[in-house]
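Breakdown of the fold
In case you want the letters, here they are:
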Amino acid sequence: MGDGSIVFVSQIMIISDLLKHFYSMVIMARWDGIDEFIAVGEEGSFTAAANVLGLSVAHISRHVTALEQRLNTQLLTRTTRKVVLTKEGEAFLHQTKQLQHAMDDATQSLATQQTTPKGKIKLTAPVMYGETFIMPIVHNFMHAHPEVEVIATLSNEQENLLEGGFDLAIRLGHLKDSSHRARRLSARRFIMCASPDYLSRVGEPHTLGELNQHQCLIGNSSYWRVNENGRDKHIKIAGRLRCNSGWALVDGAKKGLGIVQLPNYYIENELRTGELVPVLTSYQPDQEGVWGIYPPRQFVATNVRVLLDYLVAGLE
């Protein structure tokens, strides 16, 4: 093997050893001093490097010296007039500049991802509310951000976010699980109402006790939430129609079968047209929240955060 080959192999071994030292700094300040060293190596002086990085000469010198100590290798030869790279320093400068470029590319890519929604969102929402209100907004969001993929599960069962791998869940009413983070998207109000025909035949109730004389259209629960004397409470109701579909109860109320209590979004159109009229308005319970909840991560993904903004604006 010739002298040139020996020198080349020696340089490769030096670079290899230096890189092994470099990659061993995974836990403790693995990048400290690298930017400073590159600036000094390219500018040829600590003063010029300090000007480029906007740091003090003392800071540059201290961090480069600490880097040399960690690597147990002299990277620079310092004289009173200039700074010169050692052979090891030249090899290390070449390698670290490539790493610096890769780091810059990765940082830029991450910054782009943090400002541009992209990637997959797995969400869940109640069936009716999801079909009527959530998914149309999600579709608008996807149209505006074509790099987003959505997997939506509409279910009246409250899916477990962590077990199901959901990024976002829409919840109505009072939240039960405080371990998740939540953002209020909108509000809903429960309204008791009936058709003018029913009220003309049976009469309008004016107290909660009078509901015992009326047909109440029952949904999933035999209790209605009301507010009496400033306090929310539940009262038991009875009637000859029970159905777990809000739309079916709206139809029954419009056809004069009795009084119904439903969230405002089921009956807004009927209240506006007069097909249904509110009753017992002084007993209307306080409004509840419509929530977007998500796992308790330190950072909310950009696509989820922007979707939440869309939902807040769309549900106003």
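The preceding data block contains the structure.
Nothing here was measured: the structure is a model prediction, and the numbers come from that model.

Concerning the nonpolar core
- Among the nonpolar cores identified, the biggest contains 35 residues, and Ile134, Ile170, Ile267, Leu307 and Leu311 are the most heavily contacted of them.
- Looking at this core element by element, the count peaks at seven residues for helix H6 (residues 127-144).
- Ignoring anything within four residues of it in the chain, the contact list for leucine 307 reads Ile121, Leu123, Val138, Phe141 and Leu168.
- With 17 residues, the next largest nonpolar core counts Ile34, Phe37, Ile38 and Val83 among its residues.

Quick look at the layout of surface pockets
- For the largest pocket, the calculated volume is near 1300 Å³.
- Forming the walls of the largest pocket are 40 residues, and the residues nearest its centre are Leu172, Arg188, Phe190, Asn220 and Pro263.
- In terms of residue class, the lining of the largest pocket is made up of 19 nonpolar, 14 polar and seven charged.

Brief notes about the pairing of strand E9 (residues 223-228)
- One ladder, built from six bridges, connects E9 with strand E10 (residues 231-236); its direction is antiparallel. Across the sheet, residue arginine 225 finds its bridge partner in E10, namely histidine 234.
- Following E9, the chain reverses through two residues before pairing antiparallel with E10; asparagine 229 in that reversal takes a positive phi of roughly 55°.

Side note on a nonpolar patch on the surface
- Among the surface-exposed residues, Val52, Leu53 and Leu55 lie close enough to one another that they form a single nonpolar patch of about 230 Å² accessible area.
- Inspection of the secondary structure puts valine 52 in helix H3 (residues 46-53).
- Accessibility expressed as a relative area gives 52% for valine 52, which makes it exposed.

Remarks on the packing of helix H9 (residues 246-254) against helix H10 (residues 264-273)
- For the pair H9 and H10, the least separation of the axes is 10 Å and the interaxial angle reads 30°. Classed by the angle they form, the pair H9 and H10 counts as roughly parallel. Two packed elements cross with a definite hand, and for H9 against H10 that hand is right-handed. Across from Gly246, Trp247, Val250 and Lys254 in H9, the residues of H10 making contact are Tyr265, Tyr266, Ile267 and Glu270.

Comments concerning the pattern of salt bridges
- Within the structure shown, the criterion is met by eleven salt bridges.
- For aspartate 309, the salt bridge goes to arginine 183, with nearest N and O atoms at 2.7 Å. Here arginine 183 lies in strand E6 (residues 181-188) and aspartate 309 lies in helix H11 (residues 302-314), a separation of 126 residues in the sequence.
- Note on aspartate 309: relative accessible area 34%, which makes it partly exposed.
- Look at arginine 183 and you get partly exposed, because its relative accessible area is 28%.
- A salt bridge links lysine 254 to glutamate 270, with the nearest nitrogen and oxygen atoms 3.8 Å apart. Here the residue lysine 254 occupies a position in helix H9, and glutamate 270 occupies one in helix H10, the gap between them amounting to 16 residues.
- Salt bridges sharing partners connect three or more residues here, namely Arg188, Arg225, Asp232 and Glu288.

What counts, and where the lines are drawn
Residues numbered from 1 in each chain as written. Predicted model: local features only at pLDDT ≥ 70, side-chain atom pairs only at ≥ 80, totals over all residues. Heavy atoms only, no water. Core = buried A, V, L, I, M, F, W, Y, C linked by side-chain atoms within 4.5 Å. Buried < 20%, exposed > 50% of the residue type's maximum accessible area, 1.4 Å probe, protein only. Helix = DSSP H or I, 4+ residues; strand = E, 2+ residues; numbered from the N terminus. Contact = heavy atoms within 4.5 Å. 1 Å grid on protein atoms, 1.4 Å probe; cavity = no way out; pocket = protein on both sides within 12 Å on 5 of 7 lines; lining within 4 Å. Points joined across faces, edges and corners; volume = space filled by probe spheres on them. Nonpolar A, V, L, I, M, F, W, Y, C, P; charged D, E, K, R; others polar. Pairing = 2+ DSSP bridges. Patch = residues over 30% accessible without salt bridge, like charges linked within 9 Å, V, L, I, M, F, W, Y side chains within 5 Å. Areas by Shrake-Rupley, 256 points an atom, 1.4 Å probe, with all protein chains shown as cover. Salt bridge = Lys/Arg side-chain N within 4 Å of Asp/Glu carboxyl O. Axes fitted to C-alpha atoms, helices over the stretch in contact; angles between N-to-C directions. Parallel < 35°, antiparallel > 145°, perpendicular 65-115°, else oblique. Left-handed = near helix turned anticlockwise from the far one by under 90°.

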